[in-house]
Amino acid sequence: MDPTTGNSSGNSGDKSGVLQFSFTRIQGDFVLDIDGDFGPGITALFGPSGSGKTTTLNCLAGLFRPDRGEIVLHGRDLFRGSTKTFVQPDRRRIGLVFQDGALFPHMNVEGNIRYGWRLTPEGERRVDVDHIVELLGLGPLMGRAPGSLSGGERQRVALARALAMSPGLLLLDEPMASLDARLRGVVLSYLRRIHRDLQIPIVYVSHSISEVLALADDALVLSEGRAVASGLPSRVLLDPAVSGIVQDDAIENLLDGTVTEPGGDGVSGRIKVGSAEIVTPPTGREIGATVIAALGAEEIILATERPSGISARNVLTGAIIELEPAGDRVYATVDIGAPVLVALTPGAVEALGLVRGQNAFLVFKTNSVTLLDAAPEPRTTTG
């Protein structure tokens, strides 16, 4: 196993002692032969359908037994073929969340959440259930039955149930795949909050480049049961070596924002993203509301001088921090207080003489921005 290696993310830190694995599992004609070294951050498993992403998660969780190899989490052997070591799933302290949430239908929301907590020995309980409920905004839902919940609510309850067992690792199998597009921002911001507040390593399966770029510190790209690239998502996913896997996926920037002007009645809205203010369609939200702004990398024009006499309302300034070739595109990452990815042609890069560290202007129309709901911040209480 010799995947092409990209530059590692600085967010990941020292990877030793978190999750290392190298194993093979044979399922009929399909052979998963994979290794990885994951840090304490959020690591994405990326690849097309049938590449082995879900099988990898099932092996890590103990639902599948590899044919050979080893899996080590926080220095503890979960599987080692040479010594016939195999730790059962319920003893691995790993939380697993499927696409549909897979809640217990005979329990209400509170019963589902407390199920894993009750099974966790008292001395191993590091996560407070009340904190999880507040973190994920589940207080009003505690008495509800799973059948009465929306898709987004079910996913939040499933996350809470997995977290209540104080896992040393959280595995997420495409948690946004079955959700309405408008809920992407909500679940995305909840996942960011979980990692920020609880500091639990996360392995996140996705086939969306945009989600991975917005969420992950590192990425491992799979194809036909093997790892073909690993490292910093903005480099790995745009690497020409894997462009055949990702070339048909339109790339969106998913940017955290705060409403500064709601707009309405023909008046545009405004949001703060990083150190920039972006003009948007009317937000339908109050001042101070958190949102996620979706902005396609292909929708942005990059200029080396401030343009004038144009209809586009957004002209933002920033510094080019990366220029990554990817097939027939070059992706520039521009820092506006938040990184924004811009799709360019190689000819445009050459004609403009673009280099890292150069100042640039990002130009795009108001209607190029789509606002997604974000998870509201939990209320803080004082004693």
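Further up the page is the structure itself.
A short tour of the structure in this document, coming up. (Residues numbered from 1 in each chain as written. Predicted model: local features only at pLDDT ≥ 70, side-chain atom pairs only at ≥ 80, totals over all residues. Heavy atoms only, no water.)

Within the protein chain one finds nine helices and 22 strands. The buried share among the 383 residues of the protein chain stands at 52%. Looking at the protein chain alone, contacts between residues at least 24 apart form 68% of all its contacts between residues at least 6 apart. Carbon and sulfur atoms provide 48% of the accessible area of the protein chain, an area that totals close to 17,200 Å². (Helix = DSSP H or I, 4+ residues; strand = E, 2+ residues; numbered from the N terminus. Buried < 20%, exposed > 50% of the residue type's maximum accessible area, 1.4 Å probe, protein only. Contact = heavy atoms within 4.5 Å. Areas by Shrake-Rupley, 256 points an atom, 1.4 Å probe, with all protein chains shown as cover.)

So, on to the pairing of strand S6 (residues 76–80). Inspection of the sheet shows strand S5 (residues 68–73) paired to S6 by four bridges, in the antiparallel sense. In the sheet register, Leu-73 faces S6, and the bridge partner there is Arg-76. Linkage of S5 to S6, two consecutive antiparallel strands, is achieved through a turn of two residues, within which His-74 is found at a positive phi near 50°. Across two bridges, the pairing between S6 and strand S7 (residues 85–86) is antiparallel. (Pairing = 2+ DSSP bridges.)

Once that is clear, we can look at the pattern of salt bridges. Using the criterion set out here, one finds 16 salt bridges in the structure. Glu-70 serves as the salt-bridge partner of Arg-80, at 3.8 Å between the closest nitrogen and oxygen. Note that Arg-80 is positioned in strand S6 and Glu-70 in strand S5, a separation of 10 residues in sequence. Arg-192 is the salt-bridge partner of Asp-256, the closest N and O atoms lying 2.4 Å from each other. Residue Asp-256 is found in strand S13 (residues 252–261), and its partner Arg-192 is found in helix H5 (residues 184–198); the two are separated by 64 residues along the sequence. Take Asp-256: its relative accessible area is 44%, and that puts it in the partly exposed class. (Salt bridge = Lys/Arg side-chain N within 4 Å of Asp/Glu carboxyl O.)

Turning our attention to the sheet that holds strand S16 (residues 290–296). Taken together, the five strands give an open sheet; going across it, the order is S15-S14-S13-S16-S22, and neighbouring strands pair in antiparallel fashion. Of all strands in the sheet, those bounded by a partner on one side alone are strand S15 (276–280) and strand S22 (369–373). The mean inter-strand angle of the sheet, taken between neighbouring strand axes irrespective of direction, is 45°. Lying over the sheet, H5 contacts S13, S16 and S22, oriented at roughly 95° with respect to S13. (Axes fitted to C-alpha atoms, helices over the stretch in contact; angles between N-to-C directions.)

Another aspect to go through is H5. At 3.6 residues per turn, the α-helix brings residues three or four places apart onto the same side. In a regular helix each residue adds 1.5 Å, so 15 residues correspond to 21 Å; H5 covers 21 Å between its end C-alpha atoms and thus fits that length. Buried residues dominate H5, accounting for 13 of its 15 residues. Just beyond H5, the residue with positive phi is Gln-199, at close to 55°. (Expected span 1.5 Å × (residues − 1).)

Relative to the assigned elements, Asn-253 resides in strand S13. A distance of 2.7 Å separates a polar atom in the side chain of Asn-253 from the backbone nitrogen of Leu-341. For Asn-253, the contacting residues outside a window of four places in its chain are Ala-293, Ala-294, Leu-295, Gly-296, Ala-297, Ile-300, Pro-339, Val-340 and Leu-341. (Polar contact = N/O pair within 3.5 Å; in protein donor to acceptor, adjacent residues only side chain to side chain.)

Honestly, it's all geometry; don't read function into it.
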